[in-house]
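Chain and residue survey
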Amino acid sequence: MDAEIDGELEDRIRRFRREAVDPFVAGWEAARTMAPVEVYRKAGKAGLLSICVPVEHGGLGLSFGAKTRAFDIVSETAMGTAFSLINTHNIAERFAEGGSAEQRERWLPGLMDGSIIGCTAITEPGVGSDATAMTTTATKVADGLRIDGAKAWITNAPIADVVVAYVQTEPGSGAAGIAGILVDTGRPGVECAAAEAMVGGHGIGAGTFVFDGYLAEPGDVLSPAGEGFKTLISGINGARTYVASMCCAMVRASLAIALDYGGERRAFGSAIVDFQGLRWSLAEVANQLTAGQALVANAIDAIEHGAPRDAVLPAAHAKKFATQMAEPAIASCIQAMGAAGLRDDYPLARHLAAARIASFTDGSTEMMTERIARTLPTDYPLP
Ligand SMILES: Cc1cc2nc3c(=O)[nH]c(=O)nc-3n(C[C@H](O)[C@H](O)[C@H](O)COP(=O)(O)OP(=O)(O)OC[C@H]3O[C@@H](n4cnc5c(N)ncnc54)[C@H](O)[C@@H]3O)c2cc1C
């Protein structure tokens, strides 16, 4: 697998963002909507939705690092849309890696060209951080599995055609009973409620699914009980890492905009960026950003070259640091621009809200801290 995106792909993604996203993203947020469906098709055309799908299945066959880099480009102006797009890309990857030939034929081409949208459903109205306590059930019936319950805060829910839903097959058994099941939202027994209204995050389209007697066929079980929770966890290290990377991308973009603006804007006879107070504040942002990027690079390396367990700690460190770094860093960049930094023709205020949102997606900051704390004694033996 190639580790990086080449110049030609990068140009295509930048052109996609410039033409299909940048002129409209402030309007989508103001209208409290996700990007229109044709944007997903344009993303597919640019190659964004097949980056990690192997070449033999029609994808680009690139690495996790390449995927991270590609979606960072979109995050520089529209983290919400980038997050929505990467979540549907994940489902294409999932079918390419673990789907049956029939599932790949049915879903993969549409997921890669953006005409089919996918999502992953773990969280429930009453269950967030403690995923093993999930209560949505899959009960054996004569012709398959009957699913009942609800999933909440699911990215892409309002527009999703296909869901990988994690459900409990043996209530009371915790992680052991969790299975991953393909849900076709076109079939009866599953409804999507409206997306959450969430300042700065409308592009993500996080919504609720209600399952009422949805019938999954035996072939729809993607990860049976015993494997489901492991699959869920192995995917989450990647998600934590790309969320951290998106936070770095938003800070990098905010810093570049603040420096550009501050070089032009004048006060008291000089460019504002020449005032030591502002330069130091932005130097602090660059310093924090450099540390965040190093942690992201470390996590990408662990995902690409280590055993799956090796990525757990690097991903937790990267997400904890980058999400916590991003909010004050973006706020400093806004501060350096004066009131202009708040205008929605700049992405900075959107980035600030998105950085707050990133502190919850794919595991909260406290869960990252808890993960780091859990192995402290073995990670730091006496010298
Ligand atoms: C925009 C957005 C998109 C999302 N997309 C998806 C998606 O596609 N699929 C999906 O399944 N989920 C998704 N989520 C849900 C996300 O994974 C959860 O929000 C997250 O896991 C936290 O759960 P919670 O919000 O229910 O918080 P809770 O678990 O209720 O926690 C509330 C607070 O308590 C803290 N807390 C909990 N336990 C502890 C503890 N042991 N020690 C210290 N503090 C603790 C938490 O850190 C948090 O600050 C999304 C969320 C958002 C905001």
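Residues numbered from 1 in each chain as written. Predicted model: local features only at pLDDT ≥ 70, side-chain atom pairs only at ≥ 80, totals over all residues. Heavy atoms only, no water.

**Topic: the layout of surface pockets**
Of the volumes computed, that of the second largest pocket is approximately 270 Å³. Along its surface, the second largest pocket is lined by 14 residues, and Arg69, Asp72, Ser245, Val296 and Ile300 are the ones closest to its centre. Mapped onto the lining of the second largest pocket, the elements with two or more residues apiece are helix H4 (64-98), helix H6 (228-264) and helix H7 (276-305). Looking at which element gives the most residues to the lining of the second largest pocket, the answer is H7, with five residues. Class assignment of the residues belonging to the lining of the second largest pocket gives a composition of five nonpolar, four polar and five charged. The residue makeup of the lining of the second largest pocket includes at least three contributed by each of domain 1 (7-116) and domain 3 (229-379). (1 Å grid on protein atoms, 1.4 Å probe; cavity = no way out; pocket = protein on both sides within 12 Å on 5 of 7 lines; lining within 4 Å. Points joined across faces, edges and corners; volume = space filled by probe spheres on them. Helix = DSSP H or I, 4+ residues; strand = E, 2+ residues; numbered from the N terminus. Nonpolar A, V, L, I, M, F, W, Y, C, P; charged D, E, K, R; others polar. Domains from an automatic or database assignment.)

**Comments concerning the packing of aromatic side chains**
Enumeration over the complete set of coordinates arrives at three aromatic pairs. Judged by centre distance (6.2 Å) and plane angle (25°), the ring pair of Phe24 and Trp28 falls under stacked. A relative accessible area of 41% places Phe24 in the partly exposed class. The class of Trp28 is buried, set by a relative accessible area of 11%. When the centroid spacing of 6.4 Å and the interplanar angle of 85° are considered together, the rings of Tyr261 and Tyr346 count as edge-to-face. (Phe/Tyr/Trp six-rings, centres within 6.5 Å; stacked < 30°, edge-to-face > 60°. Buried < 20%, exposed > 50% of the residue type's maximum accessible area, 1.4 Å probe, protein only.)

**Some details on the site of the ligand**
Taken together, 18 residues lie near the ligand, and Thr123, Ser129, Trp153, Ser364 and Glu366 sit nearest. Within the backbone of Thr120, one N or O atom sits 2.9 Å away from a nitrogen atom of the ligand. A distance of 2.7 Å separates a nitrogen atom of the ligand from a polar side-chain atom of Thr123. Starting from 980 Å² of accessible surface for the ligand in isolation, the protein chains cover 65%. Of all elements in the fold, only strand S1 (118-121), strand S3 (144-155) and helix H10 (365-374) reach the threshold of two or more residues within the shell around the ligand. No other element matches S3, which puts three residues into the shell around the ligand. Looking at side-chain class alone, the shell around the ligand contains nine nonpolar, seven polar and two charged residues. (Near = heavy atom within 4 Å. Polar contact = N/O pair within 3.5 Å; in protein donor to acceptor, adjacent residues only side chain to side chain. Areas by Shrake-Rupley, 256 points an atom, 1.4 Å probe, with all protein chains shown as cover.)

**Concerning the domain arrangement of the protein**
Along its sequence, the protein is carved into domain 1 (7-116), domain 2 (119-225) and domain 3 (229-379). Put simply, the middle of domain 2 and the middle of domain 3, counted by C-alpha atoms, are 30 Å apart. Of the roughly 830 Å² buried where domain 2 meets domain 3, counting both sides, 77% is carbon and sulfur surface. For domain 2, the biggest contributors to the area lost against domain 3 are Ser129, Tyr166 and Gly200; these three give 38% of the whole. Run the count over domain 2 and domain 3 and you get zero salt bridges. Joining domain 2 to domain 3, the criterion identifies one residue pair in polar contact (both at pLDDT 80 or more). For the side of domain 2 that touches domain 3, the class distribution of residues is eight nonpolar, five polar and no charged. (Buried area = accessible area lost by both parts, 1.4 Å probe. Salt bridge = Lys/Arg side-chain N within 4 Å of Asp/Glu carboxyl O.)

**What about the pattern of salt bridges?**
According to the stated counting rule, one finds 14 salt bridges in the structure shown. The closest approach of N and O atoms between Arg17 and Glu76, which form a salt bridge, is 3.0 Å. Taken together, the residues span a long stretch of sequence, with Arg17 in helix H1 (residues 7-21) and Glu76 in helix H4 at a distance of 59 residues. For the pair formed by Arg17 and Glu76, the shared burial category is buried.

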